[in-house]
Amino acid sequence: MAEIKLAAQVRTEFGKGAARRTRRANLVPAVIYGHGAESVHVTLPAHELQLALRTANVLIGLEIEGKDALVIPKAVQRNAIKGNIEHVDLLTVKRGEKVNVEIAVHVEGELAPGGNLLEYVQNTLLVEAEATHIPESVTVSIAGLDAGDSILAKDIPLPAGSVLAGDEDAVVLQIVASQAEEPAAEGAEATTTEA
């Protein structure tokens, strides 16, 4: 995964008013934490950050007042209506360090014939990987699976350098039989009237 470079500025104003002013200036408030160091409050360019966060678990190289920091996003708060980024929590990482991250689970192949349905029990998988080599996703084959079949976390092949960090017996995908709808009653029952 390529590292994306962003320039950050240290924030000195806090609170709702300061955050609104920051967002109006096309900047996003963020907090950098990790490795037992004191949290650093910064602002990041909104457009560049939005582009960077299109990639899950992106590795970001920040330049903060002449110092470099390597971070990954841990929490992103978005505006519920507009969808723009309102705040980001960033975790400091070091090259060669192992981190736990969630990666997306994708499927390929066709289920066995018969109207079966694929149910995602988990959309992501918790893995441990080196901070500079975090996989974006894993792909699982569902070819030929039938109702009642399931895929456990331990059954999913992980990219080189990654190991499963969550429960290995957790069900990630399962195949269920589609349920037919009950036919509607034909005609109403005749009503009788007393004479």
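Coordinates for the structure precede this section.
Residues numbered from 1 in each chain as written. Predicted model: local features only at pLDDT ≥ 70, side-chain atom pairs only at ≥ 80, totals over all residues. Heavy atoms only, no water.

Asks: Give a detailed account of the sheet that holds strand β12 (residues 163-164), specifying residues and quantitative values.
Replies: Taken together, 4 strands build an open sheet; the order of strands is β10-β7-β9-β12 and the sheet is mixed. If you trace the sheet from one side to the other, it starts and ends with β10 (137-141) and β12, each paired once. (Pairing = 2+ DSSP bridges. Helix = DSSP H or I, 4+ residues; strand = E, 2+ residues; numbered from the N terminus.)

Asks: Please set out the pattern of salt bridges residue by residue, giving values where relevant.
Replies: Throughout the structure, instances matching the rule amount to 1 salt bridge. With a shortest N-O distance of 3.0 Å, Lys 154 and Asp 169 are connected by a salt bridge. Taken as a pair, Lys 154 in the loop between β11 (150-152) and β12 and Asp 169 in the loop between β12 and β13 (171-177) lie far apart in primary sequence, 15 residues in all. What makes Lys 154 partly exposed here is its relative accessible area of 46%. Residue classification places Asp 169 among the partly exposed residues on the basis of a relative accessible area of 43%. (Salt bridge = Lys/Arg side-chain N within 4 Å of Asp/Glu carboxyl O. Buried < 20%, exposed > 50% of the residue type's maximum accessible area, 1.4 Å probe, protein only.)

Asks: I'd like a description of the sheet that holds strand β3 (residues 37-45), backed by residues and values.
Replies: Strand order in this closed barrel of 6 strands is β1-β3-β2-β6-β5-β4, and the pairing throughout is mixed. Across this sheet, the average inter-strand angle for adjacent strands is 45 degrees, counted without regard to direction. The sheet contact formed by strand β1 (residues 3-10) and β3 spans 2 bridges and is antiparallel. Following the sheet pairing, Gln 9 is matched in β3 by Thr 43. Packed on one face of the sheet, helix α1 (residues 16-24) meets β2 (27-34), β3 and β6 (85-92) and runs near 115 degrees to β2. (Axes fitted to C-alpha atoms, helices over the stretch in contact; angles between N-to-C directions. Contact = heavy atoms within 4.5 Å.)

Asks: Help me get a handle on the side chain of Thr 43, residues and values and all.
Replies: Checked against the element boundaries, Thr 43 lands in strand β3. Under the relative-accessibility criterion, Thr 43 is labelled buried at 7%. Beyond its immediate chain neighbours, meaning those up to four positions away, Thr 43 contacts Ala 7, Ala 8, Gln 9, Arg 11, Thr 22, Leu 27 and Val 28.

Asks: Hey, could you go over unusual backbone geometry for me, with residue numbers and the actual values?
Replies: A positive phi is found at Asn 26, a non-glycine position, where the angle reads about 60 degrees. Looking at the secondary structure, you find Asn 26 in the loop between α1 and β2.

Asks: Tell me about the side chain of Ser 162, residues and numbers included.
Replies: Along the chain, Ser 162 falls in the loop between β11 and β12. Those residues in contact with Ser 162 that sit more than four places away from it in its chain are Glu 128, Ala 129 and Pro 135.

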